[in-house]
Amino acid sequence: METMIKQKIKEVKKGDQSAFEDIVSFYQNKVYHICLRMVGNSYEAEDLAQEAFIRAYTNLHTFDEKRKFSTWLYRIATNLSIDRIRKKKPDYHLDAEVRGTEGLDMYSQLAADQALPEEEVESLELQTYIHKEILALPPKYRSVIVLRYLDELALQEIAEVLDIPVGTVKTRVHRGREALRKRLRHV
């Protein structure tokens, strides 16, 4: 798959804009979900994902073809998300209820296994609570926790995405897990 992406990048560099559409189609869901897990708001995540692709397109000439394109793209999306978090004042509508429902938010719309309704509600409440606690972590810990456990990237890939040493990634994963464990100890 990486070979096909590298071929598309060469086509884009030669001036074929439609080749970039294929790249966007291939990565759009992954980039959107990275942004969503970082900022916790679907509208902002859409904006950030779009901005990530725009930045990738305009800076494609700086991409080192010896590296994985996905890592470079995820790094752009993660950095944009972190920048947005830093600039943003506290926002209390992230977990706002869905209109016309009682007690349901957007996180509760996640797909669940066929379980009893009570179990589904408990599971959704727990997911929502854990996601809130992840969002409450400092950005440097939140980013590695999201990339490691929600996006399931390897430590080396996280290091490349965030442009930090692997040892720093390991430290932040450990400290982020400990901070999350302290926040969730009463659950």
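This text goes with the structure placed above it.
What counts and what doesn't
What you see as residue numbers is a count from 1 along each chain, following the sequence as written. Local features in a predicted model are, by the rule used here, given only for residues with pLDDT of at least 70; side-chain atom pairs are given and counted only at 80 or more, and totals for whole chains, interfaces and linings are based on all residues. The side-chain quantities take in all heavy atoms of the structure and omit both hydrogens and water. Runs of H or I in DSSP of at least four residues are treated as helices and runs of E of at least two as strands, each being numbered from the N terminus. Any pair of residues with heavy atoms lying within 4.5 Å of one another is described as a contacting pair. For Phe, Tyr and Trp, where Trp contributes only its six-membered ring, two rings pair if their centres lie within 6.5 Å, and the inter-plane angle classes them as stacked under 30 degrees, edge-to-face over 60, or tilted in between. Burial classes: relative accessible area under 20% of the type maximum marks a residue as buried, over 50% as exposed, and values in between as partly exposed (1.4 Å probe, protein chains only).

Engineer: Explanation requested: the environment of V146 in the structure shown.
Structural biologist: Assignment of secondary structure puts V146 in helix α6 (residues 139–150). V146 sits 109 residues away from R37 along the chain, and the two C-alpha atoms are 6.6 Å apart. Ignoring anything within four residues of it in the chain, the contact list for V146 reads R37, M38, I134 and D151.

Engineer: I tried to follow the packing of aromatic side chains on my own but got confused; where do I start?
Structural biologist: Any two aromatic rings considered together are summarised by their centre-to-centre distance and by the angle between their planes. Here the structure, examined in full by the defined rule, presents 7 aromatic pairs. On the basis of an interplanar angle of 50° and a centroid distance of 5.2 Å, the ring pair of F63 and W72 is categorised as tilted. Taken individually, F63 and W72 each receive the classification buried, so the pair is uniform in this respect. Among the aromatic residues, ring-to-ring pairing joins F26, Y27, F63, F69, W72 and Y74 into one connected group.

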